[in-house]
Amino acid sequence: MAFYEQEVGVLISEDKLQARVRELAAEITRDYAGKDLTLICVLKGSAFFAIDLAKYIDLPVKLEFLGVSSYQGGTESTGEVRITTDVSKPMAGKHLLIIEDIIDTGLTMQFLLENLRARHPASLKVCTLLEKPSRARTKVDIDYKGFVIDDLFVVGYGLDFGEVYRNIPFIGVMKNK
Ligand code: PRP
Ligand code: MN
Ligand code: MG
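In this text the structure is predicted, and so the values were computed from the model without any measurement.

A. How the structure looks around the packing of helix α1 (residues 14-31) against helix α2 (residues 47-56). At a closest axis distance of 8 Å, the pairing of α1 and α2 adopts a crossing angle of 55 degrees. The angle between α1 and α2 places the two elements in the oblique class. Crossing of α1 against α2: the hand is right-handed. In contact with V21, R22, L24 and A25 of α1, α2 contributes F49, D52, L53 and Y56. In terms of residue class, the contact of α1 with α2 is built from six nonpolar, no polar and two charged.

Below, the structure is given as C-alpha coordinates:
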(Lines give C-alpha, C1' and ligand atoms only; values in the text may rest on other atoms or scores of the structure.)
(Ligands and ions follow the chains in the order given, each with its own letter.)
Protein backbone atom coordinates (compact mmCIF):
# COMPACT_ATOMS: atom_id res chain seq x y z
CA MET A 1 0.00 0.00 0.00
CA ALA A 2 1.35 3.42 -0.93
CA PHE A 3 2.21 5.88 1.86
CA TYR A 4 -0.59 8.29 0.94
CA GLU A 5 -3.53 5.92 0.43
CA GLN A 6 -5.20 6.54 3.80
CA GLU A 7 -5.24 10.31 3.39
CA VAL A 8 -5.44 11.01 -0.34
CA GLY A 9 -8.10 10.10 -2.93
CA VAL A 10 -7.71 10.34 -6.71
CA LEU A 11 -9.12 13.46 -8.41
CA ILE A 12 -7.28 13.27 -11.76
CA SER A 13 -5.62 9.96 -12.58
CA GLU A 14 -2.06 9.64 -13.80
CA ASP A 15 -3.30 8.54 -17.26
CA LYS A 16 -5.68 11.51 -17.65
CA LEU A 17 -2.97 13.84 -16.42
CA GLN A 18 -0.29 12.59 -18.81
CA ALA A 19 -2.70 12.63 -21.77
CA ARG A 20 -3.59 16.27 -21.07
CA VAL A 21 0.06 17.26 -20.59
CA ARG A 22 0.81 15.78 -24.02
CA GLU A 23 -2.06 17.77 -25.57
CA LEU A 24 -0.80 21.02 -24.04
CA ALA A 25 2.72 20.23 -25.25
CA ALA A 26 1.42 19.68 -28.79
CA GLU A 27 -0.35 23.07 -28.72
CA ILE A 28 2.79 24.81 -27.42
CA THR A 29 4.90 23.05 -30.06
CA ARG A 30 2.64 24.42 -32.81
CA ASP A 31 2.41 27.94 -31.36
CA TYR A 32 6.14 28.43 -30.76
CA ALA A 33 7.52 26.75 -33.89
CA GLY A 34 10.55 28.70 -35.10
CA LYS A 35 10.80 30.70 -31.86
CA ASP A 36 13.37 30.47 -29.10
CA LEU A 37 11.15 29.44 -26.17
CA THR A 38 12.09 29.61 -22.49
CA LEU A 39 9.93 27.75 -19.98
CA ILE A 40 9.82 29.36 -16.55
CA CYS A 41 9.27 26.53 -14.08
CA VAL A 42 7.80 28.07 -10.93
CA LEU A 43 9.21 26.20 -7.95
CA LYS A 44 8.37 24.19 -6.22
CA GLY A 45 4.87 23.22 -7.28
CA SER A 46 5.28 23.19 -11.06
CA ALA A 47 8.46 21.09 -11.12
CA PHE A 48 6.81 17.78 -12.07
CA PHE A 49 4.45 19.36 -14.62
CA ALA A 50 7.11 21.59 -16.20
CA ILE A 51 9.56 18.73 -16.65
CA ASP A 52 6.94 16.39 -18.18
CA LEU A 53 5.71 19.20 -20.44
CA ALA A 54 9.26 20.00 -21.55
CA LYS A 55 9.80 16.33 -22.45
CA TYR A 56 6.71 16.33 -24.68
CA ILE A 57 7.37 19.69 -26.41
CA ASP A 58 9.05 19.01 -29.74
CA LEU A 59 11.17 22.20 -29.77
CA PRO A 60 14.62 23.02 -28.37
CA VAL A 61 13.28 24.80 -25.28
CA LYS A 62 15.33 26.41 -22.55
CA LEU A 63 14.44 25.90 -18.90
CA GLU A 64 14.64 28.46 -16.13
CA PHE A 65 13.60 27.96 -12.51
CA LEU A 66 11.95 30.69 -10.48
CA GLY A 67 11.10 29.97 -6.87
CA VAL A 68 8.22 31.81 -5.23
CA SER A 69 6.24 31.07 -2.13
CA SER A 70 2.96 32.46 -0.84
CA TYR A 71 1.39 29.58 1.08
CA GLN A 72 4.37 29.04 3.39
CA GLY A 73 3.21 25.55 4.28
CA GLY A 74 -0.41 26.33 5.12
CA THR A 75 -3.65 25.78 3.24
CA GLU A 76 -4.43 29.49 2.70
CA SER A 77 -2.49 31.95 0.55
CA THR A 78 -0.82 34.57 2.71
CA GLY A 79 -1.24 37.02 -0.18
CA GLU A 80 2.42 37.98 0.21
CA VAL A 81 4.51 36.44 -2.55
CA ARG A 82 8.27 36.14 -2.07
CA ILE A 83 10.99 35.15 -4.55
CA THR A 84 13.00 32.32 -3.01
CA THR A 85 15.20 31.53 -6.06
CA ASP A 86 15.66 33.78 -9.07
CA VAL A 87 16.27 32.77 -12.71
CA SER A 88 19.87 32.30 -13.82
CA LYS A 89 19.97 34.60 -16.87
CA PRO A 90 18.60 37.97 -18.06
CA MET A 91 15.07 37.52 -19.46
CA ALA A 92 15.06 40.59 -21.74
CA GLY A 93 14.09 39.85 -25.35
CA LYS A 94 13.11 36.22 -24.66
CA HIS A 95 9.86 34.39 -25.36
CA LEU A 96 8.78 33.35 -21.86
CA LEU A 97 6.12 30.83 -20.92
CA ILE A 98 5.36 30.68 -17.19
CA ILE A 99 4.56 27.13 -16.08
CA GLU A 100 2.44 26.78 -12.95
CA ASP A 101 0.79 23.81 -11.25
CA ILE A 102 -2.23 25.81 -10.06
CA ILE A 103 -3.79 29.25 -10.23
CA ASP A 104 -5.91 29.57 -7.10
CA THR A 105 -6.39 33.14 -5.83
CA GLY A 106 -4.24 34.28 -8.78
CA LEU A 107 -2.04 36.42 -6.55
CA THR A 108 1.10 34.41 -7.28
CA MET A 109 0.56 34.64 -11.04
CA GLN A 110 -0.20 38.36 -10.81
CA PHE A 111 3.11 38.82 -9.00
CA LEU A 112 4.97 36.65 -11.55
CA LEU A 113 3.52 38.55 -14.52
CA GLU A 114 4.41 41.95 -13.04
CA ASN A 115 7.86 40.78 -12.04
CA LEU A 116 8.72 39.20 -15.41
CA ARG A 117 7.09 41.94 -17.52
CA ALA A 118 9.43 44.43 -15.84
CA ARG A 119 12.37 42.48 -17.34
CA HIS A 120 11.15 43.28 -20.90
CA PRO A 121 10.73 39.83 -22.48
CA ALA A 122 9.83 39.53 -26.18
CA SER A 123 6.60 37.79 -25.11
CA LEU A 124 5.08 36.52 -21.88
CA LYS A 125 2.41 33.82 -21.65
CA VAL A 126 0.86 31.65 -18.95
CA CYS A 127 0.46 27.87 -18.78
CA THR A 128 -1.16 26.25 -15.75
CA LEU A 129 -2.12 22.65 -15.15
CA LEU A 130 -5.01 23.55 -12.83
CA GLU A 131 -7.27 26.54 -12.33
CA LYS A 132 -9.60 27.00 -9.36
CA PRO A 133 -11.83 29.89 -10.52
CA SER A 134 -14.08 29.79 -7.43
CA ARG A 135 -11.25 31.24 -5.33
CA ALA A 136 -9.92 33.86 -7.76
CA ARG A 137 -9.13 37.20 -6.16
CA THR A 138 -7.68 38.76 -9.32
CA LYS A 139 -8.29 38.11 -13.00
CA VAL A 140 -5.46 36.36 -14.83
CA ASP A 141 -5.49 35.57 -18.56
CA ILE A 142 -4.44 31.96 -19.03
CA ASP A 143 -3.05 30.91 -22.43
CA TYR A 144 -2.76 27.15 -21.76
CA LYS A 145 -4.88 25.41 -19.14
CA GLY A 146 -4.97 21.71 -18.20
CA PHE A 147 -8.05 21.35 -16.01
CA VAL A 148 -10.55 23.55 -14.17
CA ILE A 149 -11.24 22.19 -10.69
CA ASP A 150 -13.67 22.82 -7.83
CA ASP A 151 -12.66 24.36 -4.52
CA LEU A 152 -10.85 21.28 -3.16
CA PHE A 153 -7.48 21.10 -1.44
CA VAL A 154 -5.46 19.21 -4.02
CA VAL A 155 -2.08 17.54 -3.65
CA GLY A 156 0.27 15.48 -5.78
CA TYR A 157 2.17 15.93 -9.05
CA GLY A 158 4.07 18.80 -7.43
CA LEU A 159 1.31 20.18 -5.22
CA ASP A 160 1.99 19.95 -1.49
CA PHE A 161 0.32 20.04 1.88
CA GLY A 162 2.91 21.21 4.40
CA GLU A 163 5.66 20.34 1.88
CA VAL A 164 4.64 16.66 1.58
CA TYR A 165 2.63 14.68 -1.00
CA ARG A 166 4.37 16.39 -3.96
CA ASN A 167 5.68 13.02 -5.20
CA ILE A 168 2.26 11.42 -5.73
CA PRO A 169 1.96 10.67 -9.50
CA PHE A 170 -1.66 11.89 -9.82
CA ILE A 171 -3.74 14.87 -8.64
CA GLY A 172 -5.25 13.84 -5.35
CA VAL A 173 -7.59 15.37 -2.82
CA MET A 174 -7.11 15.27 0.94
CA LYS A 175 -9.82 13.02 2.36
CA ASN A 176 -10.32 14.94 5.60
CA LYS A 177 -9.83 18.56 4.45
C1 PRP B 1 1.20 27.34 -4.70
C2 PRP B 1 1.07 26.90 -6.15
C3 PRP B 1 1.07 28.20 -6.92
C4 PRP B 1 0.36 29.14 -5.96
C5 PRP B 1 -1.07 29.33 -6.37
O6 PRP B 1 2.55 27.60 -4.43
O7 PRP B 1 2.16 26.10 -6.52
O8 PRP B 1 2.37 28.66 -7.14
O9 PRP B 1 0.43 28.54 -4.66
O10 PRP B 1 -1.79 30.05 -5.41
P11 PRP B 1 -2.44 31.48 -5.64
O12 PRP B 1 -3.07 31.51 -7.00
O13 PRP B 1 -3.49 31.56 -4.55
O14 PRP B 1 -1.39 32.51 -5.46
P15 PRP B 1 3.12 27.75 -2.94
O16 PRP B 1 3.14 29.18 -2.55
O17 PRP B 1 2.39 26.82 -2.03
O18 PRP B 1 4.64 27.30 -3.09
P19 PRP B 1 5.15 25.89 -3.65
O20 PRP B 1 4.93 25.91 -5.13
O21 PRP B 1 6.58 25.85 -3.29
O22 PRP B 1 4.34 24.82 -2.98
MN1 MN C 1 3.86 27.25 -6.33
MG1 MG D 1 2.73 24.99 -1.79
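Picking up after the structure, the text goes on.
B. Inspection of unusual backbone geometry at higher detail. Across the junction of L43 and K44, the peptide omega takes the value 0 degrees, indicating a cis bond. Unlike most non-glycine residues, E163 shows phi in positive territory, near 75 degrees. One can find E163 in the loop between β8 (154-155) and β9 (171-174). Under the C-beta neighbour-count criterion, E163 is labelled exposed, with 9 such atoms within 10 Å.

The rules behind the values
- Residues numbered from 1 in each chain as written.
- Chains lettered and ligands numbered in written order.
- Predicted model: local features only at pLDDT ≥ 70, side-chain atom pairs only at ≥ 80, totals over all residues.
- Axes fitted to C-alpha atoms, helices over the stretch in contact; angles between N-to-C directions.
- Helix = DSSP H or I, 4+ residues; strand = E, 2+ residues; numbered from the N terminus.
- Parallel < 35°, antiparallel > 145°, perpendicular 65-115°, else oblique.
- Left-handed = near helix turned anticlockwise from the far one by under 90°.
- Contact = placed C-beta atoms within 7 Å.
- Nonpolar A, V, L, I, M, F, W, Y, C, P; charged D, E, K, R; others polar.
- Buried ≥ 20, exposed ≤ 12 C-beta atoms within 10 Å, placed from the backbone.

Function-wise, these values are silent; they only describe arrangement.
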